[in-house]
Amino acid sequence: RKEVEQDPGPFNVPEGATVAFNCTYSNSASQSFFWYRQDCRKEPKLLMSVYSSGNEDGRFTAQLNRASQYISLLIRDSKLSDSATYLCVVNRFGDMRFGAGTRLTVKP
Amino acid sequence: GAVVSQHPSRVICKSGTSVKIECRSLDFQATTMFWYRQFPKQSLMLMATSNEGSKATYEQGVEKDKFLINHASLTLSTLTVTSAHPEDSSFYICSARLRTGGPSSYNEQFFGPGTRLTVL
């Protein structure tokens, strides 16, 4: 079983739609959690950290459920520029493990 | 955010040659750098962790004699793919961890732009 699992998609949504991505991780000792965004042929860039209390940054909301070992990312009012691959990242003692990513395409 | 550079951004070489990739932290000192490999439509796979002044720690299944890592200074780590073969063609990305003084698990990693290696 992979340490970090994501639905690979692709998710094809119209502009303005709300879309949600899920991620599960297998190691209960994981300490911190992130969502990264990766554009085609580019390096990953940090989108947001994920906290147990849930956190929001503009149109993006991230949630963490430690009991279920589950992380989510919600994007509201999606824009064309949100089209990218979203990577779920789990950090344990400084060792980051990446999910395979979920591909999102936002269409006009 | 902190800036990490990689050079070259793209390299095409013949089978059997060696390729060196440089990773530099431009505006901060990175005691730890990481090397990842990403095949098309797959996740980033950690290859090795590079600590300044000491030997790199390789992930299971990564040949240390094939992928030579040198972290000679606090701002530079190099990955050399020795005797490259077509199956080594991939996107190689380095990252550097910025120490903020907190627990290491909360120290953000900054990624270089990646090096696309094509071995003919």
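In the block above lies the structure referred to throughout.
Residues numbered from 1 in each chain as written. Chains lettered and ligands numbered in written order. Predicted model: local features only at pLDDT ≥ 70, side-chain atom pairs only at ≥ 80, totals over all residues. Heavy atoms only, no water.

Chemist: I keep staring at the sheet that holds strand β7 (residues 60-65) of chain A and nothing clicks. Help me out?
Modeler: The strands making up a sheet associate through hydrogen bonds between their backbones, and the pairing can be parallel or antiparallel. All names here are of chain A. As summarised here, the arrangement of the 5 strands in space is β1-β3-β8-β7-β6, forming an open sheet in which the pairing is antiparallel. Of all strands in the sheet, those bounded by a partner on one side alone are β1 (4-6) and β6 (55-57). Taking each pair of neighbouring strands and ignoring which way they run, the sheet shows an average axis angle of 20°. Pairing analysis gives 3 bridges linking β1 to strand β3 (residues 19-25), with the strands arranged antiparallel. Bridged to Val 4 within β3 is Tyr 25. (Pairing = 2+ DSSP bridges. Helix = DSSP H or I, 4+ residues; strand = E, 2+ residues; numbered from the N terminus. Axes fitted to C-alpha atoms, helices over the stretch in contact; angles between N-to-C directions.)

Chemist: Just to check I follow, could you spell out the pairing of strand β9 (residues 84-92) of chain A for this structure?
Modeler: Moving residue by residue along a regular strand, the side chains alternate between the two faces of the sheet. All names here are of chain A. Burial analysis of β9 places 8 of its 9 residues in the buried class, which makes it a mostly covered element. Pairing analysis gives 7 bridges linking strand β4 (residues 32-38) to β9, with the strands arranged antiparallel. Within β9, the residue paired with Phe 33 across the bridge is Val 90. In this structure, β9 lies alongside strand β11 (residues 102-107), joined through 3 bridges in antiparallel fashion. Looking at β11, one finds that Ala 84 is bridged to Leu 104. (Buried < 20%, exposed > 50% of the residue type's maximum accessible area, 1.4 Å probe, protein only.)

Chemist: Would you mind showing me how to read the interface of chain A and chain B here?
Modeler: One frequent convention defines the size of an interface as the accessible area lost when the parts assemble. The partner chain B presents 21 residues to the 20 residues of chain A that form the contact. With both sides pooled, the region where chain A packs onto chain B buries about 1600 Å², and carbon together with sulfur makes up 52% of that total. Taken as a group, Arg41(A), Glu43(A) and Phe98(A) account for 30% of the area that chain A buries against chain B, more than any other trio of residues on that side. Counting every contact that joins chain A to chain B gives 1 salt bridge. The salt bridge partner of Glu59(B) is Arg97(A), with a shortest N-O separation of 2.8 Å. Listing elements by their share of the side of chain A that touches chain B, those giving two or more residues are β4, β5 (44-50), β9 and β10 (95-98) of chain A. Considering only residue class, the side of chain A that touches chain B consists of 9 nonpolar, 6 polar and 5 charged. (Contact = heavy atoms within 4.5 Å. Buried area = accessible area lost by both parts, 1.4 Å probe. Salt bridge = Lys/Arg side-chain N within 4 Å of Asp/Glu carboxyl O. Nonpolar A, V, L, I, M, F, W, Y, C, P; charged D, E, K, R; others polar.)

Chemist: Is there a simple way to explain the packing of aromatic side chains in this structure?
Modeler: Centre-to-centre distance and the angle between the planes together describe a pair of aromatic rings. Per the counting criterion, the structure on display carries 11 aromatic pairs over all chains. Judged by centre distance (5.4 Å) and plane angle (85°), the rings of Phe98(A) and Tyr36(B) are edge-to-face. Taken together, the residues span two chains, with Phe98(A) in strand β10 and Tyr36(B) in strand β4 (residues 32-38). Each member of the pair, Phe98(A) as well as Tyr36(B), is classed as buried. (Phe/Tyr/Trp six-rings, centres within 6.5 Å; stacked < 30°, edge-to-face > 60°.)

Chemist: What exactly am I supposed to notice about the nonpolar core here?
Modeler: Within soluble globular proteins, side chains that are nonpolar generally end up buried alongside one another. With 26 residues, the main nonpolar core has Val4(B), Trp35(B), Phe67(B), Leu79(B), Tyr92(B) and Leu117(B) as its most contacted residues. Sorting the residues of this core by element identifies β2 (10-13), β3 (19-25), β4, β5 (45-51), β7 (67-73), β8 (76-81), β9 (90-97) and β11 (115-119) of chain B as the ones contributing at least two each. Core analysis: the next-biggest nonpolar cluster, separate from the first, contains 23 residues, Val4(A), Tyr25(A), Trp35(A) and Met48(A) among them. (Core = buried A, V, L, I, M, F, W, Y, C linked by side-chain atoms within 4.5 Å.)

Chemist: Whenever I open this one, the pattern of salt bridges confuses me. Can you help?
Modeler: As a working rule, side chains carrying opposite charge can pair if their charged atoms are close by. Residues and elements named next belong to chain A. Scanning the model with the defined rule gives 8 salt bridges over all chains in all. A salt bridge links Glu 3 to Arg 92; the shortest N-O distance between them is 3.5 Å. With a gap of 89 residues between them, Glu 3 in the segment before β1 and Arg 92 in strand β9 connect regions that are remote in the sequence. The salt bridge involving Arg 37 is made with Asp 39; its shortest N-O contact spans 2.9 Å. The exposure class of Asp 39 is partly exposed, given its relative accessible area of 32%.

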